[in-house]
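Listed here are the chains, written in short residue letters.
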Amino acid sequence: MKVTVLAGGVGGARFTRGLRHLLAQRLPDGAGGTTAEITVVVNTGDDMWLHGVRVCPDLDTVMYTLGGAVHEDQGWGRRDESRRVSDDLAAYDVGWDWFTLGDLDLATHLARTQLLRAGLPLSEVTARLCERWHPGARLLPMSDQEVETHVVVAGDHGDERLLHFEEWWVRHRAALPALRFEQVGLAGATPAPGVLDAIAGADVVVLPPSNPVVSVGTILAIPGVRAAVASTSAAVVGVSPIVGGAPVRGMADACLLAIGVETSAAAVARRYGPRSAGGLLDAWLVDEVDADVVDGLVADGFRAGAASTLMTDVPTTARIAADALALVGL
Ligand code: GDP
Ligand code: CA
């Protein structure tokens, strides 16, 4: 079975780890010649150049999580991490002291930057980095071109100010009201090699519990990707990142507010839309606390179900993946 996941960072990574666990149980390699193949198309809108190195937060979160190297409590970055380099950089008062660059993490950024400088596209660089981590899935950046999400906020004098997404998210904790998001570089961007094929050729495309605006929304905004999801012969199923009217972690509510979508499991589903009415989703799994929205979603043309969706550990997350796949008969 071929599964393609459109992922952001922590939510996408944790979900994919559970999915991999599920598929390994169901379809052990070689059993009847059946294998599971997971492709993760990862948001790179959060990427940036910092201290001369290319930082790809969501790609690294997925790579470290699937590679068993992630800082489990934090959800991102390396475990057993130290910060000697960033502390010393702060002593020079250069760069962004609010953005953590762990020493081990920095090695990843240095390796990536060296390979980029040698002329490899990000998709090939990512494959090279993954050779070390054996993620058990193919990781593809959404695009080889640099597409960076920026946030438009009100300036002090009735004007507008543009911040890099990470400055808004990490430094300001999304507390400055966002007027809108702009993806700098989007117009000239194309999907990375393999992305459109992974969507068109999958048995199922999954939207994991990732930020619907600045993770999944950014991937879908790459020219050609939304159309590929809309027209794929694969089933398309999503898991709500919004539980009981709030994000489980992070500030997705601030992102949804900026695009005029209510922070609720049902509103996010309707934003993607049911395929029966020209949208993207065949099915949408909401948390059990939101079970009361299921009937309304079904009336709107979605297949919908409710189950516990809190990704507390790998077996629990595997069960969430199973519940999502079951909605589309897999
Ligand atoms: P980021 O790039 O690290 O911000 O991660 P994502 O784009 O993958 O978004 C994380 C989203 O997943 C947030 O909106 C969270 O509300 C949601 N999320 C995180 N953990 C869970 C969970 O255990 N269950 C569900 N249903 N959603 C979650
Ligand atoms: Ca992210």
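For clarity, every value in this text was computed on a predicted model and none was experimentally measured.

Some words on helix 2 (residues 57-66)
At step 1: Burial of helix 2 is extensive: 10 of the 10 residues sit out of reach of the surface.
At step 2: Where helix 2 terminates, the next one or two residues include glycine 68, which has phi positive at roughly 75°.

With respect to the packing of helix 1 (residues 10-26) against helix 13 (residues 314-327)
At step 1: Two elements in contact, helix 1 and helix 13, have axes separated by 7 Å at closest approach and are oriented at 80°. As far as their axial angle goes, helix 13 and helix 1 are roughly perpendicular. Residue-level contacts link Arg14, Phe15, Arg17, Gly18, Leu19, His21, Leu22, Leu23 and Arg26 of helix 1 to Val314, Pro315, Thr317, Ala318, Ile320, Ala321, Ala322 and Leu325 of helix 13.
At step 2: When the residues that make up the contact of helix 1 with helix 13 are grouped by side-chain class, the tally is 11 nonpolar, three polar and three charged.

A look at the pairing of strand 10 (residues 235-239)
At step 1: Counting buried positions along strand 10 yields five of five residues, so the element is predominantly enclosed.
At step 2: Going residue by residue along strand 10, you find Ala235, Val237 and Val239 tucked away on one face and Val236 and Gly238 tucked away on the opposite face as well.
At step 3: In this structure, strand 9 (residues 204-207) lies alongside strand 10, joined through four bridges in parallel fashion. Residue pairing in the sheet places leucine 207 in a bridge with glycine 238 of strand 10.
At step 4: Sheet topology places strand 10 next to strand 13 (residues 283-287); three bridges connect them, and they run parallel. Directly across from glycine 238, in strand 13, lies its bridge partner tryptophan 284.

Examining the packing of aromatic side chains
At step 1: Applying the stated rule across the entire model yields eight aromatic pairs.
At step 2: Measuring from centroid to centroid gives 4.6 Å for tryptophan 96 and tryptophan 98, while their planes differ by 25°, and the two rings are stacked.
At step 3: When its relative accessible area of 18% is taken as the criterion, tryptophan 98 is described as buried.
At step 4: Centroid distance tryptophan 168 to phenylalanine 181: 5.6 Å. Interplanar angle 80°. Geometry classified as edge-to-face. Pair noted here: tryptophan 168 is in helix 6 (residues 165-171) and phenylalanine 181 is in strand 8 (residues 178-184), with a separation of 13 residues, a long-range link.

A look at the sheet that holds strand 2 (residues 37-42)
At step 1: Within the open sheet, the seven strands sit side by side as 5-2-1-9-10-13-14. Their pairing is parallel. Both edges of this open sheet fall to strand 5 (138-141) and strand 14 (303-307), since each of them pairs with a single strand only. Taken over all neighbouring pairs, the strand axes of this sheet differ in orientation by 20° on average, direction set aside.
At step 2: In terms of strand pairing, strand 2 meets strand 5 through four bridges, oriented parallel. If you follow threonine 39 over to strand 5, its bridge partner there is arginine 138.
At step 3: Sitting on the sheet, helix 11 (residues 265-272) is in contact with strand 9 and strand 13, with an inclination near 165° to strand 13.

Cut-off values and rules
Residues numbered from 1 in each chain as written. Chains lettered and ligands numbered in written order. Predicted model: local features only at pLDDT ≥ 70, side-chain atom pairs only at ≥ 80, totals over all residues. Heavy atoms only, no water. Buried < 20%, exposed > 50% of the residue type's maximum accessible area, 1.4 Å probe, protein only. Helix = DSSP H or I, 4+ residues; strand = E, 2+ residues; numbered from the N terminus. Axes fitted to C-alpha atoms, helices over the stretch in contact; angles between N-to-C directions. Parallel < 35°, antiparallel > 145°, perpendicular 65-115°, else oblique. Contact = heavy atoms within 4.5 Å. Nonpolar A, V, L, I, M, F, W, Y, C, P; charged D, E, K, R; others polar. Pairing = 2+ DSSP bridges. Phe/Tyr/Trp six-rings, centres within 6.5 Å; stacked < 30°, edge-to-face > 60°.

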